Amino acid sequence: MACLSGDWGGHSPSVRRLGHDSPEQVRTGRMRAVLTASAGGHLEELYELATRVLPASTERYWITPRSPQSDSLLRDERVTFVPPVGSRQGGRAVATLPRALRLLNRLDPDVLVSTGAALTTPYMVAARLMSVRVHYVESATRLAGPSVTGRLAHYLPGTQLWYQSTGWDAPWKPFASVFKGFQVSVQPAVPSTRKVLVTLGTERFPFARAVHEIARWIPADVEVVWQLGHTDAPPGLPGDVRQFIPYAQLVHLARTADLVVSHAGAGSALVALRAGKLPVLFARRAALGEHVDDHQDELAGDLERLGVAVLAGERQFADVVTEATASRVTRAQKDWQDEPLAVSLTGC
């Protein structure tokens with residue numbers, strides 16, 4: 001792995017390359033795609049999407065912030081790590097445009113795909129200024145309408161707009177949710193619950209309500225690992241209590257757990273599903289100071305309707321646990337190349 005440094009407004013982006021491959025190499029004739037997303041659920045969704053709808057021969061180049069998540073998830077990919085841009089940092093996003101133009105000019109892509117958020121806007125603008133095809137796929141968490149990034153993409157001429165729910169008006173076009181890539185079956189024998197992973201993500205809001213309800217259920221003989229994020233641990237909370245867990249270790253814990261309980265974030269749900277677990281989801285609510293809006297409540301309900309999650313809060317928690325541990329999650333057998341997005345990505 002080699003890293004290259006350059007002018008990045010006080011930051012140094014690094015380009016990770018595999019072997020002797022180089023973005024400046026002579027074109028091979030294969031489609032070259034730039035994939036850009038903010039950290040967290042946006043990156044998890046884009047990784048799922050790229051795996052399904054891009055041909056295996058595609059030369060893939062990622063643009064995303066460096067984090068334990070991106071280091072692990074994209075360990076076998078070509079990646080340019082860039083500084084993060086927050087949702088309220090419009091000025092920083094605008095200032096990135098000249099550097100985005102330089103980077104894309106060097107990568108010379110045929111298509112750019114983004115799942116948001118703010119960090120990706122200058123790259124979409126730069127791509128369209130270079131007449132590169134741009135596809136913006138709205139997050140699966142946005143069921144009622146587009147995000148701020150999606151609304152900005154709407155006004156970017158020539159951008160193809162995709163959404164993962166139902167009922168939006170043109171020019172938005174439907175795409176099968178990344179969560180439809182999983183199928184759930186009932187195991188013939190319900191395994192005992194010995195290991196539990198609880199993950200509340202990295203949201204800056206506390207989520208004490210979920211911790212309290214989960215702690216009331218935990219039997220004495222169950223081994224629990226808590227990733228609490230910005231939630232304070234109450235006195236006497238049983239188990240291995242941590243604020244944050246490195247991404248690769250979190251993935252390992254999900255795979256070895258009998259049960260995964262999570263806040264209703266898209267990224268956390270995808271980690272559980274990839275690990276073969278039906279996640280038990282607690283949705284954060286804005287009225288309780290647990291998030292800025294209620295999109296987690298909407299997403300959790302949608303995932304339960306799809307059959308790929310169990311929503312806590314409406315039923316006895318013990319019953320929810322029984323349903324989750326009796327379920328086995330596998331990849332859905334589906335030819336994603338027939339999807340309109342896949343056809344559009346490989347077209348001219």
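The residue count restarts for each chain, going from 1 along the sequence in the order it is written. It should be noted that, the model being predicted, local features are given only for residues of pLDDT at least 70 and side-chain atom pairs only at 80 or more, the latter also being counted only at that level, while totals for whole chains, interfaces and linings use all residues. Note: side-chain values were computed over all heavy atoms of the structure, leaving out hydrogens and water.

### Some thoughts on the overall build of the protein chain
Thought 1: Secondary structure follows DSSP: runs of H or I at least 4 residues long count as helices, runs of E at least 2 residues long count as strands, and numbering of each begins at the N terminus. On a plain count of helices and strands, the protein chain comes out with twelve helices and 16 strands.
Thought 2: For a compact globule the rule gives 2.2 Å times the number of residues to the power 0.38, and the radius of gyration it is set against comes from C-alpha atoms. Its C-alpha atoms give the protein chain a radius of gyration of 21 Å, near enough to 20 Å, the size a compact globule of 348 residues would have.
Thought 3: Along the first, second and third principal axes, the C-alpha set of the protein chain runs to 60 × 45 × 40 Å.
Thought 4: Relative accessibility thresholds used throughout: buried, under 20% of the residue-type maximum; exposed, over 50%; partly exposed, between the two (1.4 Å probe, protein chains only). Looking at the protein chain as a whole, 53% of its 348 residues qualify as buried.
Thought 5: Throughout, a residue-residue contact means that at least one pair of heavy atoms, one from each residue, lies within 4.5 Å. In the protein chain, the share of contacts with a sequence separation of at least 24, taken over all contacts with a separation of at least 6, comes to 66%.
Thought 6: Here the protein chain contributes 37 positively and 34 negatively charged side chains, and the mean placements of these two sets differ by 5 Å. The charge count treats Lys and Arg as positive and Asp and Glu as negative. His and the chain ends do not count. Each charge is placed at NZ for Lys, CZ for Arg, CG for Asp and CD for Glu.

### A closer look at the sheet that holds strand β13 (residues 259–263)
Thought 1: Only when DSSP finds a minimum of two bridges between them are two strands counted as paired. If you trace the six strands from one edge of the open sheet to the other, you get β12-β11-β10-β13-β14-β15, paired in parallel fashion. If you trace the sheet from one side to the other, it starts and ends with β12 (240–242) and β15 (310–311), each paired once.
Thought 2: Alignment of strand β14 (residues 280–282) against β15, held across two bridges, turns out to be parallel. Paired with leucine 281 across the two strands is leucine 311, which belongs to β15.

### Overview of the packing of helix α7 (residues 208–217) against helix α11 (residues 317–325)
Thought 1: Interhelical geometry of α7 versus α11 gives an angle of 80 degrees and a closest axis separation of 10 Å. Our classification of the angle between α7 and α11 gives roughly perpendicular. On α11, the residues that touch Glu213, Ile214 and Trp217 of α7 are Phe317, Ala318 and Val321.
Thought 2: Partitioning the contact of α7 with α11 into residue classes produces five nonpolar, no polar and one charged. Between N-to-C directions, angles cover 0 to 180 degrees, with each direction set by a line fitted to C-alpha atoms, over the stretch in contact for helices. Note on angle classes: values under 35 degrees are labelled roughly parallel, values over 145 roughly antiparallel, values of 65 to 115 roughly perpendicular, and the remainder oblique. Throughout, the ten residues Ala, Val, Leu, Ile, Met, Phe, Trp, Tyr, Cys and Pro are labelled nonpolar, Asp, Glu, Lys and Arg are labelled charged, and all others, Gly among them, are labelled polar.

### Topic: the confidence of the model for the protein chain
For residues with low pLDDT, the predicted coordinates do not support detailed interpretation.
Thought 1: Of all residues in the protein chain, 91% have pLDDT values of 70 or greater, and the mean over the chain is 89.
Thought 2: In the predicted structure, residues 1–12 sits below a pLDDT of 50 and forms 30 contacts with residues beyond four places in sequence or in another chain.
Thought 3: By definition, pLDDT measures how confident the predictor is in each residue, and it falls between 0 and 100. Across residues 16–21, where pLDDT falls below 50, the model places 20 contacts with residues more than four positions away in sequence or in other chains.

### A few points about the pattern of salt bridges
Thought 1: Between Lys or Arg on one side and Asp or Glu on the other, a salt bridge is scored when a side-chain nitrogen of the former is within 4 Å of a carboxyl oxygen of the latter. According to the stated counting rule, one finds 14 salt bridges in the structure shown.
Thought 2: Aspartate 240 is paired through a salt bridge with arginine 242; the nearest N and O atoms lie 2.8 Å apart.
Thought 3: Owing to a relative accessible area of 32%, aspartate 240 belongs among the partly exposed residues under this scheme.
Thought 4: A relative accessible area of 22% means that arginine 242 is categorised as partly exposed.
Thought 5: A cluster of three or more residues bridged by salt bridges with shared partners is formed by Glu44, Glu48, Arg52, Arg274 and Arg331.

### Comments concerning the pairing of strand β10 (residues 195–199)
Thought 1: Most of β10 is tucked away: four of the five residues are buried.
Thought 2: Pairing geometry for β10 and strand β11 (residues 223–227), over five bridges, is parallel. Among the inter-strand pairings, leucine 197 is bridged to a residue of β11, identified as valine 225.
Thought 3: The path from the first strand over the helix to the second decides the hand: if it runs clockwise while the strands point away from the viewer, the crossover is right-handed. What joins β10 to β11 is α7, and the crossover it makes is right-handed.
Thought 4: For β10 and β13, the ladder comprises four bridges, and the chain directions are parallel. Counterpart to leucine 197 in the pairing with β13 is valine 260.

### Points about the packing of helix α4 (residues 97–107) against helix α5 (residues 121–129)
Thought 1: Orientation of α4 relative to α5, taken along the N-to-C sense of each, is 55 degrees, at an axis distance of 9 Å. Classified by the interaxial angle, the pair formed by α4 and α5 is oblique. Here α4 runs over α5; the crossing is right-handed. Facing Leu97, Ala100, Leu101, Leu103 and Leu104 of α4, the residues of α5 in contact are Pro122, Tyr123, Val125, Ala126, Ala127 and Leu129.
Thought 2: Residue classes in the contact of α4 with α5 are distributed as eleven nonpolar, no polar and no charged. Crossing handedness follows the turn of the near helix against the far one: under a right angle anticlockwise gives a left-handed crossing, and clockwise gives a right-handed one.

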